[in-house]
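Residue-level structural notes
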Amino acid sequence: MNNRDFWAQKIRTAITAADAGPSETDLAGAPILTYWRPHVSRHGAPILWGIASGHPRLKGGWITTSQLVAIDVDRAWARTASRWYVLAQPFSAYEAKIAKGLGMEEAPSGFVQVDLPGYRPLDDVSLLGQLLMAWRDRIRQDDTGGDRNVQ
């Protein structure tokens, strides 16, 4: 099995897990992602960016996740190709914190700009849901696992 086939199978397995939803054990052992923000590649592959704590392979700090396959903001979890994440505060809370520190009542839209090369931020959660559905459909239909540039 080549790397592309391995990655495609990994994503399909993650989609199956996400469809079943996380168990309490899954979330108890999951890293926490704070000040998270969805981003999308030019190929339509969604990821999350934020501050990770408790990640089994990465030290704490700002990270980008592997490809996002599901997210439930109300239940505070996300599933990527690699693992479950517990979602803490979204990036908008970080913007509000900075604005407050500067004496502002609230943070205007796009107040804090962060450039992730090859990605653009996607703050509209309903649009993220639509993108994820299209992405998952594409993955299911594509024997290569979708976006060859995102791994």
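Every value quoted in this text rests on a predicted model; they were computed, and no experiment measured them. (Residues numbered from 1 in each chain as written. Predicted model: local features only at pLDDT ≥ 70, side-chain atom pairs only at ≥ 80, totals over all residues. Heavy atoms only, no water.)

Some thoughts on the overall build of the protein chain
Along the backbone of the protein chain there are 4 helices and 7 strands. Along its sequence from the N terminus, the protein chain presents helices and strands in the succession α-α-β-β-β-β-β-β-α-β-α. Against the 2.2 N^0.38 benchmark of 15 Å for 151 residues, the protein chain shows a C-alpha radius of gyration of 16 Å, consistent with a compact globule. In terms of its C-alpha atoms, the protein chain occupies a principal-axis envelope of roughly 55 × 35 × 25 Å. Relative to its 151 residues, the protein chain shows a buried fraction of 40%. Look at the contacts in the protein chain between residues 6 or more apart in sequence, and 59% of them connect residues 24 or more apart. When the accessible surface of the protein chain is summed, it comes to about 8,500 Å², and 50% of that surface belongs to carbon and sulfur atoms. Taking the 17 positively charged and 16 negatively charged side chains of the protein chain as two groups, their mean positions are separated by 8 Å. (Helix = DSSP H or I, 4+ residues; strand = E, 2+ residues; numbered from the N terminus. Rg over C-alpha atoms; globule rule 2.2 N^0.38 Å. Buried < 20%, exposed > 50% of the residue type's maximum accessible area, 1.4 Å probe, protein only. Contact = heavy atoms within 4.5 Å. Areas by Shrake-Rupley, 256 points an atom, 1.4 Å probe, with all protein chains shown as cover. Lys, Arg positive; Asp, Glu negative; His and termini not counted. Charge placed at Lys NZ, Arg CZ, Asp CG, Glu CD.)

With respect to the packing of aromatic side chains
Tallied over the full model, the rule gives 6 aromatic pairs. The interplanar angle of 45° and the centroid separation of 4.9 Å between the aromatic rings of Y35 and Y94 together place this pair among those described as tilted. Placement of Y35 in strand β1 (residues 32-41) and of Y94 in helix α3 (residues 91-101) is noted, with a sequence separation of 59 residues between them. Judged by relative accessible area, Y94 falls into the partly exposed class, the value being 25%. Among the aromatic residues, ring-to-ring pairing joins Y35, W49, W62, F91 and Y94 into one connected group. (Phe/Tyr/Trp six-rings, centres within 6.5 Å; stacked < 30°, edge-to-face > 60°.)

Focus on the confidence of the model for the protein chain
Residues of the protein chain with pLDDT of at least 70 account for 93%, and the chain-wide mean is 88. No element of the protein chain has a lower mean pLDDT than helix α4 (residues 125-141), at 85, and none a higher one than strand β6 (residues 84-87), at 98. Confidence drops under pLDDT 50 across residues 144-151; counting only partners more than four residues distant or on other chains, this segment forms 25 contacts. (pLDDT = per-residue confidence, 0-100.)

Side note on unusual backbone geometry
Positioned with a positive phi, Y35 is a non-glycine residue whose angle comes to about 55°. Look at Y35 and you get buried, because its relative accessible area is 10%. Despite not being glycine, A76 shows a phi value in the positive range, around 65°.

Points about the pairing of β6
As defined by bridge partners, β1 adjoins β6 across 2 bridges and the pair is classed as parallel. Each bridged residue has a counterpart across the sheet, and for L33 the counterpart in β6 is L87. Connecting strand β5 (residues 77-80) to the next strand, β6, in antiparallel fashion are 3 residues. (Pairing = 2+ DSSP bridges.)

Some words on the side chain of E95
When you line up the elements, E95 lands in helix α3. Buried charged residue E95 carries no salt bridge. Nearest counter-charge: R37, at 4.4 Å. A polar side-chain atom of E95 sits 3.1 Å from the main-chain amide nitrogen of V112. When near neighbours in sequence (up to four residues on either side) are disregarded, E95 contacts R37, A107, G110, F111 and V112. (Salt bridge = Lys/Arg side-chain N within 4 Å of Asp/Glu carboxyl O. Polar contact = N/O pair within 3.5 Å; in protein donor to acceptor, adjacent residues only side chain to side chain.)

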